[in-house]
Amino acid sequence: MKVTVVGAGNVGATCADVLAYREIANEVVLVDIKEGFAEGKALDIWQKAPINLYDTRTVGVTNDYSKTADSDVVVITSGLPRKPGMTRDDLISTNAGIVTSVTENIVKHSPNAIIIVVSNPLDVMTYAAHITSKLPRTRVMGMAGILDTARYRAFLAEALNVSPKDIQAVLMGGHGDTMVPLPRYTTVGGIPVTELIDEETLNAIVERTKNGGGELVKLMGTSAWYAPGSAAAQMVEAIVRDQRRVFPVCVRLEGEYGIDGVYLGVPVILGKNGIEKIIELQLNDEEKQLLETSRGHVKEVMDALDNINAAKA
Ligand code: LMR
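Remember, predicted model here, so these are calculated numbers, not experimental data. (Residues numbered from 1 in each chain as written. Predicted model: local features only at pLDDT ≥ 70, side-chain atom pairs only at ≥ 80, totals over all residues. Heavy atoms only, no water.)

Draft legend 1. Spatial organisation of the packing of helix H4 (residues 92-109) against helix H10 (residues 285-312). The contact between H4 and H10 brings their axes to 11 Å, and the two run at 70°. Here H4 lies roughly perpendicular to H10, going by the angle between them. Our pair here, H4 against H10, has a crossing hand that is right-handed. Listed contacts from H10 to Ile92, Ser93, Ala96 and Gly97 of H4 are Val301, Ala304, Leu305, Ile308 and Lys312. Among the residues making up the contact of H4 with H10, the classes are represented as six nonpolar, two polar and one charged. (Axes fitted to C-alpha atoms, helices over the stretch in contact; angles between N-to-C directions. Helix = DSSP H or I, 4+ residues; strand = E, 2+ residues; numbered from the N terminus. Parallel < 35°, antiparallel > 145°, perpendicular 65-115°, else oblique. Left-handed = near helix turned anticlockwise from the far one by under 90°. Contact = heavy atoms within 4.5 Å. Nonpolar A, V, L, I, M, F, W, Y, C, P; charged D, E, K, R; others polar.)

Here it is, written out as structure tokens:
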């Protein structure tokens, strides 16, 4: 299996590193626009192989997409990260141009690849990559749900003083303040979370999760990378090993949840064909309302991208 990761910054390099040391692919190609940057990161990861005992080959290239040819999966992390005080949506005009041009290069050399978008604003960059690629919606998806859910699970594990391994959860909607937490579907070793935690603490954890990316931007002056890079690698693993894992993933909805033509995070089954199935939960009225608010917000940003593209045409 060959996997390409575009963007050798913190998120892309972390993803490539996880793909290598967990031997998820035989070959990982890291691409960056900055001369020598991807080559250096790939070489560093390769030199770690004799220490951490893996044989995945990591190769770095400067903007040479011919070396990515026939990739099975491509992860797009390119674009600017946000700085303190910025929202993810503030990145739209810069990152849309970058994601569009990267996607064009990718499909030219790997027409059968499955594409995972990580760049922000996530849901709308997934839209940009999907319309550029002209691939079926099952093959172009966004990574955010695993990350948001991981943050929620980590905060819960801390509050309950239990292993994060035993916390199962799902979050839906856009990657931002309007994400839709579903405490009703959260369990700890099979026990509904509401039996183990009071409402006030749970609500505080939900709020912290919604602002999880922003909390890290404030602390570090730039966006997170360990959890986002690992989350993208987990999606790649589910695809290349045909694991049929159930994850929240951003995809174009076509009637599911009564939504058409908007890109939102929903639970899916992920396997060798990409999105094998979209799972439709029976949401209650409050959850439906939260999802509708999230849909409205993502649609506004999609419309902003359409306006940018129309002005360029
Ligand atoms: C995250 O949630 O960590 C990413 O979307 C990056 C960001 O700017 O928050």
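Draft legend 2. Region of interest: the UniProt feature "domain: Lactate/malate dehydrogenase N-terminal" (unreviewed entry) in the chain. UniProt records the feature "domain: Lactate/malate dehydrogenase N-terminal" (unreviewed entry) for residues 1-142 in the present numbering. In the segment residues 1-142, helix accounts for 40% and strand for 20%; the C-alpha atoms at its two ends are 21 Å apart. (UniProt positions renumbered as here; feature names shortened; annotations may be inferred.)

Draft legend 3. Spotlight on the UniProt feature "binding site: NAD(+)" (unreviewed entry) in the chain. Cross-referencing UniProt, the feature "binding site: NAD(+)" (unreviewed entry) maps to Gly7, Ala8, Gly9, Asn10, Val11, Gly12, Asp32, Asn95, Val118, Ser119 and Asn120 in the present numbering. Among the structural elements, Ala8 can be located in the loop between strand S1 (2-6) and helix H1 (10-21). Among the residues examined, Ala8 registers a relative accessible area of 0% and is labelled buried. Here Gly12 shows up in helix H1. If we ignore the near neighbours within four places in the chain, the residues touching Gly12 are Val5, Gly7, Leu30 and Thr77. (Buried < 20%, exposed > 50% of the residue type's maximum accessible area, 1.4 Å probe, protein only.)

Draft legend 4. Structural view of the side chain of His130. Relative to the helices and strands, His130 resides in helix H5 (residues 122-133). Excluding residues within four positions of it along the chain, His130 makes contact with Leu135, Pro136, Arg137, Val140, Arg252 and Tyr263.

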